[in-house]
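# Observations on the model geometry
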Amino acid sequence: MIFAFILHMIIDHFTVVDFADPQNRGKWQIVNDGVMGGLSEGRLYLAEEGHAVFTGTVSLANNGGFTSIRGTIPRIDVSKFKTIMLEVKGDQKDYQLRVKDKRSTWLTYSHTFGTSGEWEQIAIPFEKLVPVFRGRRLNGNPFQGNQMEEIGFLIANKQNETFELQVRSIVLVP
């Protein structure tokens with residue numbers, strides 16, 4: 001029974017981003033709190049081992065307090081999936097996974113997850129992705145899972161800190 005479940009997941013998954021595959025990395029950009037006058041600095045680079053490293057410093061100066069990366073991906077029909085699986089290695093800090101169903105919308109769906117300091121797989125069901133705008137939770141339904149055009153990570157723990165989040169892959173599973 002367990003074997004059938006694992007086989008089902010392997011066959012029916014969809015890789016959104018695999019940083020080891022040059023064809024499947026997506027287009028990424030950094031968005032720091034400098035857009036609001038803050039002084040936080042994040043950067044993204046590819047490690048020799050083939051995974052992405054999102055690293056930098058969060059500063060609360062000048063009303064700052066966040067940095068993020070956003071990956072633009074081709075529109076994906078996600079209606080047959082229910083969960084996003086992250087393969088990450090963090091620094092025991094909290095991060096947000098952020099998803100947009102349409103690149104042009106102002107609304108983002110977000111879920112905060114903790115990291116252990118080791119490589120791990122983190123499962124985030126769509127129903128845990130709640131609507132947010134500029135860091136504030138909105139009333140509304142969780143992510144409906146029809147389509148996806150943008151995915152990213154944000155750190156905003158309301159403290160001055162350095163950080164490092166390594167990402168191998170982002171996969172959708174039923």
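For the structure given in this document, a descriptive report is provided here.

Rules behind the numbers
- Residues numbered from 1 in each chain as written.
- Predicted model: local features only at pLDDT ≥ 70, side-chain atom pairs only at ≥ 80, totals over all residues.
- Heavy atoms only, no water.
- 1 Å grid on protein atoms, 1.4 Å probe; cavity = no way out; pocket = protein on both sides within 12 Å on 5 of 7 lines; lining within 4 Å.
- Points joined across faces, edges and corners; volume = space filled by probe spheres on them.
- Helix = DSSP H or I, 4+ residues; strand = E, 2+ residues; numbered from the N terminus.
- Pairing = 2+ DSSP bridges.

The next point concerns the layout of surface pockets. By volume, the largest pocket is sized at about 880 Å³. Listed by contribution, the elements that provide at least two residues to the lining of the largest pocket are β5 (67–77), β7 (94–100), β8 (108–114), β10 (130–133), β11 (136–137) and β12 (147–155). Of all the elements, β12 adds the most residues to the lining of the largest pocket, at five residues.

Our focus in this paragraph is the sheet that holds β5. Ordered by their spatial adjacency, seven strands build an open sheet running β2-β5-β12-β7-β8-β10-β11, and the pairing between neighbours is antiparallel. The strands lining the two open edges of the sheet, one partner per strand, are β2 (27–32) and β11. In this structure, β8 lies alongside β10, joined through three bridges in antiparallel fashion. The partner of Tyr109 across the bridge, within β10, is Pro131.

The quantities given are spatial measurements derived from coordinates; they are silent on function.
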